[in-house]
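# Overview (structure and organization)
One letter stands for each residue in the lines below.
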Amino acid sequence: MLHNTHLQQLQGSYLFTEIVNRTQAYKAAHPQAKILRLGVGDVTRPLPLPITDAMHRAVEELAHLDTFRGYGPEEGYAWLKQAIIEHDYRPRGVELEQEEVFISDGAGSDLGNLSELFDTPNRVAILDPSYPAYVDSSLMAGREIEFLPCLAANGFVPELPKQKADIIYLCFPNNPTGVVLTRTQLQQWVDYARANKSIIIFDAAYEAFIEDPDIPHSIYEIEGAKEVAIEVRSYSKSAGFTAVRCGWTVVPKASGLNAMWMRRQCTKYNGTSYIAQRAAAATYTPEGKAGTQANLMHYKHTAQLLMNGLQAMGYEVFGGKNAPYIWCRVPQGYTSWSFFDHLLNDCQVVCTPGAGFGPSGEGYVRFSAFSNRKDCEEALIRMKGL
Ligand code: PLP
């Protein structure tokens, strides 16, 4: 038996595991400390009642012979796909067919699994810094990666690849920088992909945080995108589903990949839980919408609070407006990990070191707005006292 040696290319420990380990070690040495977590991007607000009610009803259905269900369609129930088409795309002028929408158990799995659609020699372009899944899944597949630096000098907006890229991972609103792309900027990427016969895997996990009317929510708002883009979405951050697990992936027929993805899913994925899909459908009811909007408003306010507080202390900060993340330059003399340790040890605040997102993240840390107002206010007071 030969191992998949590509896995040895991966960094020893996953970024968020390392953060948890350091935080736990601190907690073990200082059991009384109240640690304020502004690091990992996990939601903190409970699910709105209309959504948990929908899950309770779904569980009840499974308890009775006449309403019980077994395996559902691998690609998801038609009622959820239709709700997505009508609520998430049609109001933005995007028409999709039900067969183009695949319900998933969240963005994370599909972002990794989509890699199976492509042959090994394809070259990949990935933003640096970026959410670790794109790099890790490309390395696991044994592909060569060109990193596209996103730095203060280019406004954290990547330049087009220097060498021809076959697969391009884009994430906007961006994790970790919080930067968004305008329509014109996104059109350049679609044009590049069309000219080079590349495919864009567009991660729009933070779409719900967009406030500026000029910022596209879906890549399909851009002319020609259906030929060259797969879009990955999630209810995790928009509706607080990090534990429930539900999202969707759009593989347009015009991309030439739709039938292949369907075939792959039928073999390797037996569908998203019925309960999770009923919960997702409940986010589109007026009550469900009101509940998720209230949670989103909370995170948006927290982002604003952190931005203002950090700025007032003289930190140079980016993002935070159409995204739940604040990208903050570390003070002179620190690396991103040494500043992480400084905040943990000296004010018990957890952030995420930028270097964990790629080499261009060095010199920055990320603060997450997925917290409560009181903790953010306290974190800012403690940081002021440093
Ligand atoms: N994409 C980005 C950019 C993320 O930040 C995350 C999670 O933090 C995901 C995808 C994965 O989300 P999900 O919970 O839907 O798997």
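For the rest of this paragraph, the subject is the environment of Ile 168. Topologically, Ile 168 is positioned in strand E5 (residues 167-171). Take Ile 168: its relative accessible area is 0%, and that puts it in the buried class. Along the sequence, Ile 168 and Val 124 sit 44 residues apart, while their C-alpha atoms lie 5.8 Å from each other.

Take the sheet that holds strand E8 (residues 247-250) next. Paired through their backbone hydrogen bonds, the strands of a sheet run either parallel or antiparallel. Spatial strand order, E2-E8-E7-E6-E5-E3-E4: seven strands in an open sheet with mixed pairing. Each edge of the sheet is formed by a strand with only one pairing partner; in this case those strands are strand E2 (101-104) and strand E4 (145-149). Recorded for the sheet is a direction-independent mean angle of 20 degrees between the axes of neighbouring strands.

Our focus in this paragraph is the domain arrangement of the protein chain. Here the protein chain is partitioned into domain 1 (11-47 + 287-384) and domain 2 (49-285). Between the C-alpha centres of domain 1 and domain 2 there is a distance of 25 Å. Each partner contributes to the interface: domain 1 provides 30 residues, whereas domain 2 provides 42 residues. For the pairing of domain 1 and domain 2, the buried interface totals around 3100 Å² over both sides, and the portion due to carbon and sulfur atoms is 61%.

In this structure, Ile 200, Tyr 235 and Phe 367 are the most contacted members of the largest nonpolar core, which totals 87 residues. Lining this core are residues from two domains, each supplying at least three of them: domain 1 (11-47 + 287-384) and domain 2 (49-285). For Tyr 235, the residues in contact, after removing those within four places along its chain, are Leu 80, Ile 84, Gly 240, Phe 241, Cys 246, Gly 247, Trp 248, Ala 280, Thr 283 and Tyr 284. Counting residues in hydrophobic clusters, the runner-up holds 22 residues, among them Leu 111, Ile 126, Ile 201 and Ile 230.

Definitions and limits used
- Residues numbered from 1 in each chain as written.
- Predicted model: local features only at pLDDT ≥ 70, side-chain atom pairs only at ≥ 80, totals over all residues.
- Heavy atoms only, no water.
- Helix = DSSP H or I, 4+ residues; strand = E, 2+ residues; numbered from the N terminus.
- Buried < 20%, exposed > 50% of the residue type's maximum accessible area, 1.4 Å probe, protein only.
- Pairing = 2+ DSSP bridges.
- Axes fitted to C-alpha atoms, helices over the stretch in contact; angles between N-to-C directions.
- Domains from an automatic or database assignment.
- Contact = heavy atoms within 4.5 Å.
- Buried area = accessible area lost by both parts, 1.4 Å probe.
- Core = buried A, V, L, I, M, F, W, Y, C linked by side-chain atoms within 4.5 Å.

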